[in-house]
Structure formats: structure tokens, C-alpha cells
Amino acid sequence: MGGTELKHKAQAWLSQHRDKGPLTLENAALKTEVSNLTAQLAQLTQVVQQMQRQTGQPVQEVDEGVVPEIPEVRRVPGRRKVDA
């Protein structure tokens, strides 16, 4: 267990005894998961940028907290919509 995880767990335990709320532990677990996923994302972003440099592709810098805009997918004119 990392220090951050123990800290969140301790805060959740203290809050639970004050609040008597069952969601406190779940909240602490989710905070820990978000923290772990954020660290993993940063690591994978570095790996992708390193691979882009090795292959000569332009490196796209990503601002933390900014979600890139995804273009809307449009159908090609003249093609009918197929109902599933």
C-alpha cells in the first residue's frame, strides 16, 4: 500500500466513524483509483511521445485536464441509413 492510499483509507475511516456513512470508504477507494489511473495515464503518455519521437512522427503535447475535441462523424451523402 502506498502512502496516498493509506492516507485516503485513514481519512475514510475517520469520516465513517463521524458520519456513519457507508459511502465514505467507497469514496476513498475511488479517489485512490483515480490517483492510480492518473499516474498510469501520465506514464503511458510519456511512452507514446517517446515512440513518436523514435518513428519521426510529430509529437502531440497534451495539456493535463484538457480533453481533445473529437470530430463529429457524418454520413457520406447519397448513402442510405441502414436500420439494425
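Coordinates for the structure precede this section.
As the structure is a prediction and not an experimental result, all values here were calculated from the model.

1. Some remarks on the overall build of the protein
Then comes step 1: Along the backbone of the protein there are two helices and zero strands.
Then comes step 2: Taking all 84 residues of the protein together, the buried fraction comes to 10%.
Then comes step 3: Total accessible area computed for the protein in this model is approximately 8100 Å², and 56% of it derives from carbon and sulfur atoms.

2. Considering helix α2 (residues 23-55)
Then comes step 1: For α2, spanning 33 residues, the distance from its first C-alpha to its last is 47 Å, which sits close to the expected 48 Å at 1.5 Å a residue.
Then comes step 2: Taken as a whole, α2 has its buried residues at Thr24, Ala28, Thr32, Gln49 and Gln52.

3. Some remarks on the side chain of Gln52
Then comes step 1: Relative to the assigned elements, Gln52 resides in helix α2.
Then comes step 2: When its relative accessible area of 14% is taken as the criterion, Gln52 is described as buried.
Then comes step 3: Beyond its immediate chain neighbours, meaning those up to four positions away, Gln52 contacts Gln57, Pro58, Val59 and Gln60.

4. A few points about the environment of Ala10
Then comes step 1: Relative to the assigned elements, Ala10 resides in helix α1 (residues 3-19).
Then comes step 2: Residue class for Ala10 comes out partly exposed when judged on its relative accessible area of 39%.
Then comes step 3: Separated by 18 residues in the primary sequence, Ala10 and Ala28 have C-alpha atoms spaced 9.0 Å apart.

About the thresholds
- Residues numbered from 1 in each chain as written.
- Predicted model: local features only at pLDDT ≥ 70, side-chain atom pairs only at ≥ 80, totals over all residues.
- Heavy atoms only, no water.
- Helix = DSSP H or I, 4+ residues; strand = E, 2+ residues; numbered from the N terminus.
- Buried < 20%, exposed > 50% of the residue type's maximum accessible area, 1.4 Å probe, protein only.
- Areas by Shrake-Rupley, 256 points an atom, 1.4 Å probe, with all protein chains shown as cover.
- Expected span 1.5 Å × (residues − 1).
- Contact = heavy atoms within 4.5 Å.

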